[in-house]
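# An overview of the molecular structure
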Amino acid sequence: MTTLGLAPKEESIQIHAVSTGDDIHQALLAVPAESDWKAEMVFLQAPGWWRPRRQLTLFNGRYLEWREKKGRSDSARVINLAFVKPEPIVQRTLAWRSMTVMALAALVTGLSVHATWLPGLIGGALLVLLSGLNSLRCSSASFQFVTRHGGVPVFALYRQRGDRERVEKVLKAIGIRGQKAWTLLPKGKARLAAEVAEHRRLADSGCLSRDTYEAAKQRIFSRYAKGAAVRPASG
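Reference entry: report on the structure contained in this document.

Cut-offs and rules
- Residues numbered from 1 in each chain as written.
- Predicted model: local features only at pLDDT ≥ 70, side-chain atom pairs only at ≥ 80, totals over all residues.
- Heavy atoms only, no water.
- Phe/Tyr/Trp six-rings, centres within 6.5 Å; stacked < 30°, edge-to-face > 60°.
- Buried < 20%, exposed > 50% of the residue type's maximum accessible area, 1.4 Å probe, protein only.
- Helix = DSSP H or I, 4+ residues; strand = E, 2+ residues; numbered from the N terminus.
- Lys NZ or Arg CZ within 6 Å of the ring centre and 35° of its normal.
- Salt bridge = Lys/Arg side-chain N within 4 Å of Asp/Glu carboxyl O.
- Core = buried A, V, L, I, M, F, W, Y, C linked by side-chain atoms within 4.5 Å.
- Contact = heavy atoms within 4.5 Å.
- Polar contact = N/O pair within 3.5 Å; in protein donor to acceptor, adjacent residues only side chain to side chain.

### Let's talk about the packing of aromatic side chains
Aromatic ring pairs are defined here through the distance separating the ring centres and the angle between the ring planes. According to the stated counting rule, one finds three aromatic pairs in the structure shown. Each ring, one from Phe 59 and one from Tyr 63, has its centre 5.6 Å from the other, and the planes form 20°; the classification is stacked. For the pair Phe 59 and Tyr 63, one class covers both residues: buried. Aromatic pair Phe 145 and Phe 155: ring centres 4.6 Å apart, planes at 15°, arrangement stacked. Here Phe 145, found in strand E7 (residues 140–146), pairs with Phe 155, found in strand E8 (residues 153–158); they are ten residues apart in sequence, far enough to count as distant. Exposure class is identical for Phe 145 and Phe 155. Each is buried. A network of ring pairs unites the aromatic residues Trp 37, Phe 59 and Tyr 63 as a single cluster. Its guanidinium or amino end placed over the ring of Tyr 158, Arg 54 lies 4.1 Å from that ring's centre, counting from NZ or CZ.

And the structure:
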């Protein structure tokens, strides 16, 4: 089951530029209180019992709530899309157990053919077929989103064959919002500070480990140092 709600028009999304100064933390980094959320899209993915149920909510132009439910556990996080790469990484996961069973069944089938053992041949062939179908069913692909310069995975969506149109619409909406929010950020040191502060917020909320945060911070500093080195001197 997949549900998708969209704002009437993409042009209705309002993201305002923010000047540097005392308001930068409140405007760029502080997540709005839930009572102030203005939901623009809700997207639900419930692919089956073998994968967790995921729900994504886009709100207030630049924010995303990602929620995952697996069994009795329910985890959620809020992401500022300004600091997320608009293009996701496609990751594929194979059902290794089913693949192993299929390989063993193929071996049994081969030995049965060699020994002209008909029951083993039929049983092995059926096991190969069933394990192959189960492998296709349980194998999955996902769209993994990472932070822009920190390179930290923050949320993911399933890549579902039967729901390609809706998934593509969601991916487009995430990319548009993230890019708009990013281009309106202050430049230079203020942008660097904002990126580091967003990773620190994620770490403080338990979404990132301290080691992951420190590594991401070093990557951000390195990225901005390289940008400063190639920038021509004014004179």
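### Thoughts on the pattern of salt bridges
In total, this model carries eight salt bridges according to the counting rule given. With a shortest N-O distance of 2.8 Å, Glu 68 and Arg 54 are connected by a salt bridge. With a gap of 14 residues between them, Glu 68 in strand E4 (residues 63–70) and Arg 54 in strand E3 (residues 53–59) connect regions that are remote in the sequence. Each member of the pair, Glu 68 as well as Arg 54, is classed as buried.

### A look at unusual backbone geometry
Backbone phi values are negative for most residues with the exception of glycine, while trans is the configuration of most peptide bonds. In this structure, Asn 60 is a non-glycine residue whose phi angle is positive, near 50°. For Asn 60, the location among the structural elements is in the loop between E3 and E4. According to the relative accessible area criterion, Asn 60 is partly exposed, its value standing at 24%.

### Section: the nonpolar core
Among the nonpolar cores identified, the biggest contains 38 residues, and Leu 56, Leu 58, Leu 64, Phe 155 and Ile 174 are the most heavily contacted of them. Looking at this core, the elements with two or more residues in it are strand E2 (39–45), E3, E4, E7, E8, helix H4 (164–183), helix H5 (189–204) and helix H6 (210–230). Of all the elements, H4 adds the most residues to this core, at seven residues. Once residues within four sequence positions are removed from consideration, Ile 174 is found in contact with Leu 56, Leu 58, Leu 64, Leu 81, Phe 145, Phe 155 and Leu 157.

### A look at the environment of Tyr 63
Secondary-structure assignment places Tyr 63 in strand E4. Its relative accessible area of 4% is what places Tyr 63 among the buried residues. C-alpha separation for the pair Tyr 63 and Ala 181, spaced 118 residues apart in sequence, amounts to 9.6 Å. A polar contact of 3.2 Å, which involves the side chain of Tyr 63, links it to the backbone oxygen of Ala 30.

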